[in-house]
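# Understanding the architecture of this molecule
One-letter residues, chain by chain:
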Amino acid sequence: MVNTGAVVSILTTGGTIASRGFAGGARPDVRGDDLVATIAPTDLVLRVREILHVDSSAILPADQDAIRLAVDAEFADPDVCGVVVTHGTDTMEETAMLLDLMHDDPRPLIMTGAQRPADSPDADGPTNLSAAIAAAADDRSRGSGVLIAMGGSLTPARGATKLDSGALAPFAEIHPGLARPVLPRTCIARARVDLLSLYPGVDPELLDWSVSRGADGMVLSATGSGNTHPEVVAAVTRAIDRGVVVVLCSRVPRGHVIAHYGGGGGAVDLVHEGAIISPWLRASQSRIALQVILAGGGGRPEADAFFGTA
Ligand code: ASP
């Protein structure tokens, strides 16, 4: 199943997989070629390109755009049978979502990283990178969208979330078999989408502040199945009146968001005011999807259409 002799492109961006310990703390400084030199010998032809050297917790939308553009450039080459992106695990679910939203090519696109730095005696990066490269050259990965190879698991990007900050296989699928609607290619740095986590006593003026800062969209990580306080609903109404697209998610790791409760602060009320339910995707990935939609010139109808099938 693995295509011996095929070309696999490896794009490196930093993260723990490329980090070593320094007096001021670990940071990514391992060069792409040195990273690939640590893996077991392979019959595949490996092409390495360094894109970034960032800890993924510090990644910016323009960096994510740069990764996506670099992936597109690799897939423009018909000799490439698959692409691997190495990335920090902290925000891998976001970059993986961005790539998956625009990955309309059947060739495999695999992301990987590590939980232990490259200079750790039991570094997991080399094993993960080998697995990612093998998956990128494997026909069984074709047509599956972006996959995350970590700790012996292959997790679909759509619905993936980092559920454990230390486990070697930190990503879990929030819900199996999610649909994979794809969106037109665009650069997300053009749109501002804020994510607000809701809790007892949250100040509704945080939403007004976000609007005043120029948010085009807003994702609410609400309590339970998508509920909050009536005063937050009033702030959502104000935001929507100003043209902001509001998407409703849950801060609960698993389960769906549903318009069940009313009483002024429930999902029924939020939907009545114009919020769009994201039924399965969690806030981090819903935020990326909304950013893609708004950056591409879409608005409320396009967001409705996307989240209606996601
Ligand atoms: N802070 C690191 C990063 O996301 C963590 C990791 O890679 O696991 O870049």
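Bear in mind that the values here come from a model prediction, so they are computed numbers and not experimental data.

### Brief notes about the overall build of the chain
Assigned secondary structure in the chain consists of 9 helices and 14 strands. The C-alpha atoms of the chain give a radius of gyration of 20 Å, which matches the 19 Å a tight globule of 310 residues would have. Burial status across the chain gives 53% buried among its 310 residues. Taking the intrachain contacts of the chain between residues at least 6 apart in sequence as the baseline, contacts between residues at least 24 apart amount to 73%. Split by element, the accessible area of the chain, about 12700 Å² in all, is 53% carbon and sulfur. Of the charged side chains in the chain, 24 are positive and 36 negative; the average position of the first set lies 1 Å away from that of the second.

### Observations regarding the packing of helix H2 (residues 61–75) against helix H3 (residues 92–101)
Between H2 and H3, whose axes approach to 10 Å, the crossing angle comes to 45°. Taken as axis vectors, H2 and H3 run oblique relative to one another. Our pair here, H2 against H3, has a crossing hand that is right-handed. Facing Gln64, Asp65, Ile67, Arg68 and Val71 of H2, the residues of H3 in contact are Glu94, Thr95, Leu98 and Leu99. Here the contact of H2 with H3 is composed, by residue class, of 4 nonpolar, 2 polar and 3 charged.

### Describing the packing of H3 against helix H8 (residues 283–295)
In contact at an axis separation of 9 Å, H3 and H8 are set at 40° when each is read in the N-to-C sense. The angle between H3 and H8 places the two elements in the oblique class. Read as a crossing pair, H3 and H8 show a hand that is right-handed. Where H3 approaches H8, its residues Glu93, Glu94, Met97, Leu98 and Leu101 are matched on the opposing element by Ser284, Gln285, Ile288, Ala289 and Val292. A breakdown of the residues in the contact of H3 with H8 according to their chemical character gives 6 nonpolar, 2 polar and 2 charged.

### Observations regarding the sheet that holds strand E11 (residues 193–197)
With parallel pairing, 4 strands are arranged side by side in an open sheet as E11-E12-E13-E14. Edge positions in the sheet fall to E11 and strand E14 (276–277), since each has one partner strand and no second. As judged from the 5 bridges shared by E11 and strand E12 (residues 217–222), these two strands associate in the parallel manner. In the strand pairing of E12, Ser197 is matched with Ser221.

### Details of the pairing of strand E8 (residues 153–156)
Consecutive residues of a regular strand have side chains that alternate between opposite faces of the sheet. Here strand E7 (residues 146–150) runs beside E8; their pairing, made up of 4 bridges, is antiparallel. Residue pairing for E8: Met150 is matched across the bridge by Ser153. Taken together, E7 and the strand that follows it, E8, pair antiparallel across an intervening segment of 2 residues, in which Gly151 is found at a positive phi of about 55°.

### Concerning helix H5 (residues 205–212)
Within H5, burial applies to Leu207, Ser210 and Val211. Down the axis of H5, the sector holding all buried residues measures 100°, keeping them to one side. The exposed residues of H5 that point more than 90 degrees off its buried face are Glu205 and Ser212. For H5, the secondary structure elements touched by its buried residues are E11, E12 and helix H6 (230–241). Backbone geometry just after H5 places Gly214 at a positive phi near 95°.

### Details of the UniProt feature "active site" (unreviewed entry) in the chain
Per the UniProt record, the feature "active site" (unreviewed entry) sits at Thr16 and Thr89. In sequence the annotated residues extend across 74 residues, while in space they remain close, none of their C-alpha pairs exceeding 7.7 Å. Following the sequence through the fold, Thr16 ends up in the loop between strand E1 (7–14) and strand E2 (19–20). Residues in contact with Thr16, not counting those within four places in the same chain, are Gly88, Ala114, Gln115, Arg116, Pro117 and Ala118. Relative to the assigned elements, Thr89 resides in the loop between strand E5 (80–86) and H3. Excluding residues that lie within four positions of it along the chain, Thr89 makes contacts with Ser56, Ala114, Gln115, Met150, Lys162 and Phe171.

Criteria and cut-off values
Residues numbered from 1 in each chain as written. Predicted model: local features only at pLDDT ≥ 70, side-chain atom pairs only at ≥ 80, totals over all residues. Heavy atoms only, no water. Helix = DSSP H or I, 4+ residues; strand = E, 2+ residues; numbered from the N terminus. Rg over C-alpha atoms; globule rule 2.2 N^0.38 Å. Buried < 20%, exposed > 50% of the residue type's maximum accessible area, 1.4 Å probe, protein only. Contact = heavy atoms within 4.5 Å. Areas by Shrake-Rupley, 256 points an atom, 1.4 Å probe, with all protein chains shown as cover. Lys, Arg positive; Asp, Glu negative; His and termini not counted. Charge placed at Lys NZ, Arg CZ, Asp CG, Glu CD. Axes fitted to C-alpha atoms, helices over the stretch in contact; angles between N-to-C directions. Parallel < 35°, antiparallel > 145°, perpendicular 65-115°, else oblique. Left-handed = near helix turned anticlockwise from the far one by under 90°. Nonpolar A, V, L, I, M, F, W, Y, C, P; charged D, E, K, R; others polar. Pairing = 2+ DSSP bridges. Arc of directions from axis to C-beta. UniProt positions renumbered as here; feature names shortened; annotations may be inferred.

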